[in-house]
Every structure is written in structure tokens, then in C-alpha cells.
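In case you want the letters, here they are:
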Amino acid sequence: MDTIKKFKQRLQCICKSYVVFEFIDDIECDWGSHMVIQCPDCEELFSIDKKCPAFNDVEELSKINDGLFSNHEFFDYFSNSHPT
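Attention in this report is confined to the structure presented alongside it. (Residues numbered from 1 in each chain as written. Predicted model: local features only at pLDDT ≥ 70, side-chain atom pairs only at ≥ 80, totals over all residues. Heavy atoms only, no water.)

As for the packing of aromatic side chains
Counted under the stated rule, the structure contains seven aromatic pairs. A centroid spacing of 6.0 Å and a plane angle of 90° characterise the contact between F7 and F21, whose relative ring orientation is edge-to-face. Taken together, the residues span a long stretch of sequence, with F7 in the loop between helix 1 (3-6) and strand 1 (11-12) and F21 in the loop between strand 2 (18-19) and strand 3 (22-29) at a distance of 14 residues. For F7, a relative accessible area of 0% translates into the label buried. We classify F21 as buried; its relative accessible area is 4%. A ring pair is formed by F74 and F78, whose centres lie 5.8 Å apart and whose planes are at 15°; its orientation type is stacked. Residue F74 and its partner F78 are located together in helix 3 (residues 71-79), separated by four residues, close to a single helical turn. (Phe/Tyr/Trp six-rings, centres within 6.5 Å; stacked < 30°, edge-to-face > 60°. Helix = DSSP H or I, 4+ residues; strand = E, 2+ residues; numbered from the N terminus. Buried < 20%, exposed > 50% of the residue type's maximum accessible area, 1.4 Å probe, protein only.)

Written out as C-alpha cells, the structure is:
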């Protein structure tokens, strides 16, 4: 399942609500652009393409949604991270 499809299903957010996340295809940070998702309830932003200090990361969502990311997907996500 590709990354976008994972978030088109109802998932639990860090705010404890079960939501379908909204997508923002292109948002800028100091190091480039990202694909992010936003919770429609708490409005938190999560970077889903690589870890970035400007946004929450999917690791927090994965802790409360079992099986959201595989080990390989996490490796790709963190290996492309921006500096902290």
C-alpha cells in the first residue's frame, strides 16, 4: 500500500480522535518542500515523506496505529531526514 492510501483510511491521531487525514501536497520548510497530512480535528501537521523538525512525524502516529509503517518504510523515512 502506498503512503497516501495509508492515510485515506480512518486512523487515530495523537489528539485521540479517529479521522481521515487531509493532504497538503506541497508545503515549504527551510530545507525544501514536503508532502504533509493534517488532522481535521486538532490541525496538527505531520510530514509523511521524510522527518522534518518543522512538523510532527509519522512515528508518533505509528505508535498508536499498529502496522502503519513497515521497517523498510521507516528506514526510508528517517534516512532522508532533515537535520535537527
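Re the environment of D57
With respect to the helices, strands and loops of the structure, D57 is situated in strand 6 (residues 56-57). Owing to a relative accessible area of 8%, D57 belongs among the buried residues under this scheme. Expressed as a C-alpha distance, the spacing of D57 and L45, which sit twelve residues apart in the sequence, is 8.4 Å. Residues within four places of D57 in sequence aside, it is in contact with F46, S47, K51 and Y77. (Contact = heavy atoms within 4.5 Å.)

Brief notes about the sheet that holds strand 6
Pairing in this open sheet of four strands is mixed, and the strands run 3-4-5-6 from one edge to the other. The open sheet has two edge strands with one neighbour each: strand 3 and strand 6. Pairing geometry for strand 5 (residues 45-47) and strand 6, over two bridges, is parallel. Note on strand 6: the bridge partner recorded for F46 is N56. (Pairing = 2+ DSSP bridges.)

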